[in-house]
Amino acid sequence: MAIRVMLIEDEAGMRLLLKKMIERHPEFQVVAECDEIAESVIAFRRQQPEVVFLDIGIKGQNGIECARILCDLDPKVKIIFATAHTEYMPEAFELYAFDYLVKPFDVERMDRTLSRIASLMQNTACEPGEKISRTEYRYDKLLVKGKESMSFINIPDIILIQRENNATVIYTEKDSYVTSASMAELEKKLDPEQFMRSHKSYIINLSRIRKIEPYGRWTYLVHFQGRKEDALLTAEKFEEIKRKFV
């Protein structure tokens, strides 16, 4: 199945150029093209692209803010900023950008970026969880309250916590739980010696890490024992983990 790509660019000629460069690679398919932020969020929800090429300046609006919205909907989306504005590069990579391409685009540079994406793509479909309304901490358990039920999660069993689709998902080896609690709320309830906020959209259990590998520029991918899901890790947190385990 082709890797789904979305273009967010307010210049029609530039969108056409990007599309031609991308579709030179048969493993990619452009499924949506947008020239404004509000439209792009709607199209992103509908098309669920895995890769987004995004300009910084879109009809006077800031593409960085658009990227924040898209990353909250899907933390694993690969955002590639394609822009003439180099001054936003540090902010883009702080947010999490897979890459940052500066206009006019270099064909070989684009080819390398697309080849890297193709080699890294993995199936990260989420398993269904139990809808819940709020979360409380009691002793060594996380108490998850639903409308008609309560689930008690052993905190050491938590492998990772991920922000996705405007909700928070708690993963253990056998189950997953969807909660309205924020990442910040859950982070406060967990032992910082065992759990780390590895990225704005992830909290990970350090004792369940199986492997860490590069993912994009200045970003890493964490694989776990007991779950097929993975998590993003910033370069800063990668150095922190190395210090902890050395």
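Computed from a prediction, not measured in an experiment: that's the story for all the values here.

Definitions and limits used
- Residues numbered from 1 in each chain as written.
- Predicted model: local features only at pLDDT ≥ 70, side-chain atom pairs only at ≥ 80, totals over all residues.
- Heavy atoms only, no water.
- Helix = DSSP H or I, 4+ residues; strand = E, 2+ residues; numbered from the N terminus.
- Buried < 20%, exposed > 50% of the residue type's maximum accessible area, 1.4 Å probe, protein only.
- Phe/Tyr/Trp six-rings, centres within 6.5 Å; stacked < 30°, edge-to-face > 60°.

Engineer: How would you explain the environment of Glu-236 if you had to name every residue and give the values?
Structural biologist: Looking at the secondary structure, you find Glu-236 in helix H7 (residues 235–245). On the accessibility criterion, Glu-236 (61% relative accessible area) is exposed. Sequence separation between Glu-236 and Ser-198 is 38 residues; the distance between their C-alpha atoms is 8.9 Å.

Engineer: So what about the packing of aromatic side chains? Which residues, and what values?
Structural biologist: Tallied over the full model, the rule gives three aromatic pairs. Centroid distance Phe-98 to Tyr-215: 5.9 Å. Interplanar angle 85°. Geometry classified as edge-to-face. A residue pair is termed long-range when its members are at least 10 positions apart, and Phe-98 in the loop between helix H4 (89–95) and strand S7 (99–102) and Tyr-215 in the loop between strand S17 (209–214) and strand S18 (219–224) qualify at 117 residues. Comparing Phe-98 with Tyr-215, the two get one shared label, buried. The interplanar angle of 15° and the centroid separation of 4.0 Å between the aromatic rings of Tyr-220 and Phe-238 together place this pair among those described as stacked.

Engineer: Quick one: what's the story with unusual backbone geometry, residue by residue and with numbers?
Structural biologist: Geometrically, the link from Lys-103 to Pro-104 is a cis peptide bond, its omega value of -5° lying close to zero. Even without being glycine, Gln-48 reaches a positive phi, approximately 50°. Tracing the backbone shows Gln-48 in the loop between helix H2 (37–47) and strand S3 (51–54). According to the relative accessible area criterion, Gln-48 is exposed, its value standing at 58%. The backbone of Asn-165 sits at a positive phi, close to 50°, despite the residue not being glycine. Among the secondary structure elements, Asn-165 is positioned in the loop between strand S12 (160–164) and strand S13 (167–171).

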